[in-house]
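Chain and residue survey
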Amino acid sequence: TGGTGGTGGTGGTGGTGGTGGGSPCGIPVDGICDGTSTLQRCLIPPNGTVPVVIDYECRSWERCSDQGGAARCVNRDDVCRPEASQCTSGSGYRECTSSRSWVQRSCPGACRDTPTGAVCETSVSTTTFTGSLFYEAKAPNASMTDWGPVYTTPARGLLVVSYHGGEVIDSAVLGDDGSFSVQVATTPAVDDTLIFFAIHVGWSGADIHFGVAFPSTPSGPSDIWDIAPATSAFWSWRLPLPATNGADWLLTEAMSSEAAQLFDWSLQVWESSVLHHGREGKSVVIWYGAETSWNCGACFVDYPFQLSSTQLDSQILMPGLDSGHEAAWSATVIAHELGHWAMESFGVSPNEGGPHCLGSPSMPGLAWSEGWATFHAMDLYDEPYYWSKDGGTFYWVDVENLIMWGTSLFSRPTASGGLLQQQDEIWVASALWELSRAPAASSRALHRALSSARMRNAPFARGYTTRSFDVDNQCRPTNIVNTGDSAPILADFLDALRCGGVPSSTVTAAVSPYPYPAASPICQ
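If you're wondering where the values come from, they're calculated on a predicted model, not measured in any experiment. (Residues numbered from 1 in each chain as written. Predicted model: local features only at pLDDT ≥ 70, side-chain atom pairs only at ≥ 80, totals over all residues. Heavy atoms only, no water.)

A tally of regular secondary structure across the chain gives 7 helices and 32 strands. Taking 524 residues into account, the globule formula puts the C-alpha radius of gyration at 24 Å, and the chain, at 24 Å, falls close to it. If one aligns the C-alpha atoms of the chain with their principal axes, the spans along those axes are about 80 × 55 × 45 Å. Residue burial in the chain is summarised as follows: out of 524 residues, 54% are buried. (Helix = DSSP H or I, 4+ residues; strand = E, 2+ residues; numbered from the N terminus. Rg over C-alpha atoms; globule rule 2.2 N^0.38 Å. Buried < 20%, exposed > 50% of the residue type's maximum accessible area, 1.4 Å probe, protein only.)

In structure tokens, the structure reads:
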């Protein structure tokens, strides 16, 4: 199979910087509605540069809504989502038009529901085509000194679409074993093909929950503003027809199989999050190109992007292999960034961005956010390790023993430092890991605490407000300025755990010597 491009789209609109008030933008960092269809957000870049106000117009089938102190564009109750379609009878289907209303239509033959919506069976003779798709992947070797040997694994969850004469005949989602079954033309035309897309579709084909996409950017380190929507596309791989029915197919390293691996890990996080929270998180595009590098390294940005006809709520920037960063092979790096996504989707982020380094204490909001994200990665794979390769060096962190590369370099909090003391993000991840594996707690208890009212409703009871800051040459915060914005920190999260029934002794054992008053949580 060979790689192929997808279709482009349009970007959002920029805004202007704000002034005054406690917020770095002059408006709440979680956004406000400016009328019924305009959303304003305070974007705090992950590299700590100047925050800006972003004006975003909700789409025609959406309205701006303030939900729990955070503004979002949500579906209107009186309209449908354009391009959605579903069968309503043996030969009938309904389709959502550009005017956002359902229109009943009829197929000349039978109607068949597929992952991309209703498909009318045509007069073209079709037959069933089956196969299995795998991809080449990497993982650490046993001694955690480098990548182990390349192995193959099923390309589960990819969307396969069957085309005949440029028209969609059928589509399917690959099974956990990489298998698929679709209808193809019995006599293929010259351009008939199967295309495997790195996207996870939603209801009736109108939504894309998440996808891995190739960003069209200029050379050199880039930001989200540099992505050219019209020439960016979701990752896809083409299998020309005719092809051997029932065969196995392999995406190799030369075909950028790391993009398929990023999709697979993202799917694991998506499925896990639905199980933990009972609902879907924000839609997200994961940007990856082998030659692309980002000013932030790898990061999550809570800012929408329109690719093709789909608006995605947020973005993750993953560095390319050719940039010297091999994070695309690391399950823990993408799961860490998706940990930030989970916090934005189900809880509230402290929105305290800025530089941070392993082994260096930072501001409580940033330490809480980064500590949660690292725990999120380890929790997903049930191992207390975070690992990747950068600039030719393979590195790892063991949160169970608070060591990295065999050296203890992490700082624990002090008993006299108070609840608002600076904290090491790896210590935070270590405490969360210990809590999640304690007999009287569980991983699920931590995820449910993240989405509890105690962690979503400002002002947050422990009284922390975010800071803007720089760092010195030893990565210590300096030039600290209080923004006045209420933000959750680890102490608030521990309250949520205690109020959810986790015993005080369990919490104290996990966070000591941090002076959290486990016997007197603040509940809501």
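The rest of the description comes next.
Next up on the list: the pattern of salt bridges. With the rule as written, the count across this model stands at 15 salt bridges. One salt bridge connects Arg-105 with Glu-95, and the closest N-O pair in it is separated by 2.7 Å. With Arg-105 in strand S9 (residues 102-106) and Glu-95 in strand S8 (residues 92-96), this pair connects stretches of sequence that are 10 residues apart. The structure contains a network of salt bridges with shared partners spanning Arg-156, Asp-176, Asp-264 and Glu-271. (Salt bridge = Lys/Arg side-chain N within 4 Å of Asp/Glu carboxyl O.)

One can find Gln-104 in strand S9. Separated by 411 residues in sequence, Gln-104 and Pro-515 place their C-alpha atoms 63 Å apart. A distance of 2.6 Å separates a polar atom in the side chain of Gln-104 from a polar atom in the side chain of Thr-88. Separated by 3.1 Å, the side chain of Gln-104 and the backbone oxygen of Tyr-93 make a polar contact. (Polar contact = N/O pair within 3.5 Å; in protein donor to acceptor, adjacent residues only side chain to side chain.)

This part is about the sheet that holds strand S30 (residues 403-404). Strand order in the open sheet formed by 3 strands is S28-S29-S30, and the pairing between neighbours is antiparallel. The sheet terminates laterally at strand S28 (385-390) and S30, the two strands that pair on one side only. As paired strands, S28 and strand S29 (residues 393-398) are joined by 6 bridges and run antiparallel to one another. Looking across to S29, one finds that Ser-388 is bridged to Tyr-395. (Pairing = 2+ DSSP bridges.)

This part is about the sheet that holds strand S7 (residues 85-87). Taking strand neighbours across the sheet as the criterion, the 3 strands line up as S7-S8-S9 in an open arrangement whose pairing is antiparallel. Of all strands in the sheet, those with a lone pairing partner are S7 and S9, marking the two edges. Between one strand axis and the next, the sheet turns through 25 degrees on average, direction left out of account. (Axes fitted to C-alpha atoms, helices over the stretch in contact; angles between N-to-C directions.)

Taken as a whole and judged by the stated rule, the model has 1 cavity of 30 Å³ or more. A volume near 30 Å³ is recorded for the largest cavity. In this structure, the largest cavity is lined by Phe-210, Ser-266, Val-269, Trp-270, Val-284, Ile-286, Leu-338 and Trp-341. Elements represented by at least two residues in the lining of the largest cavity include exactly helix H1 (257-277), strand S23 (284-288) and helix H2 (331-346). With 3 residues, H1 is the largest single contributor of residues to the lining of the largest cavity. When grouped by side-chain class, the residues that make up the lining of the largest cavity number 7 nonpolar, 1 polar and no charged. (1 Å grid on protein atoms, 1.4 Å probe; cavity = no way out; pocket = protein on both sides within 12 Å on 5 of 7 lines; lining within 4 Å. Points joined across faces, edges and corners; volume = space filled by probe spheres on them. Nonpolar A, V, L, I, M, F, W, Y, C, P; charged D, E, K, R; others polar.)

Our next topic: the side chain of Thr-466. Of note, Thr-466 is situated in strand S31 (residues 465-471). A relative accessible area of 5% places Thr-466 in the buried class. With near-sequence residues (within four places) excluded, Thr-466 lies in contact with Pro-350, Asn-351, Glu-352, Val-481, Asn-482, Thr-483, Gly-484, Asp-485 and Ala-487. (Contact = heavy atoms within 4.5 Å.)

What follows covers the packing of aromatic side chains. Taken as a whole, this structure holds 18 aromatic pairs when the rule is applied. Seen from their ring centres, Trp-235 and Tyr-288 are 6.4 Å apart, and the 35 degrees between their planes marks the pair as tilted. Of this pair, Trp-235 sits in the loop between strand S20 (233-234) and strand S21 (236-240) while Tyr-288 sits in strand S23, placing them 53 residues apart in sequence. Like Tyr-288, Trp-235 is buried. Taking the centre distance of 4.8 Å and the plane angle of 35 degrees together, the rings of Trp-368 and Phe-493 count as tilted. With a gap of 125 residues between them, Trp-368 in helix H3 (residues 364-381) and Phe-493 in helix H6 (residues 490-499) connect regions that are remote in the sequence. Relative accessible area serves as the criterion here: at 0%, Trp-368 is assigned to the buried category. Through successive ring pairs, a cluster of aromatic residues spans Phe-210, Phe-263, Trp-270, Trp-341 and Phe-346. (Phe/Tyr/Trp six-rings, centres within 6.5 Å; stacked < 30°, edge-to-face > 60°.)

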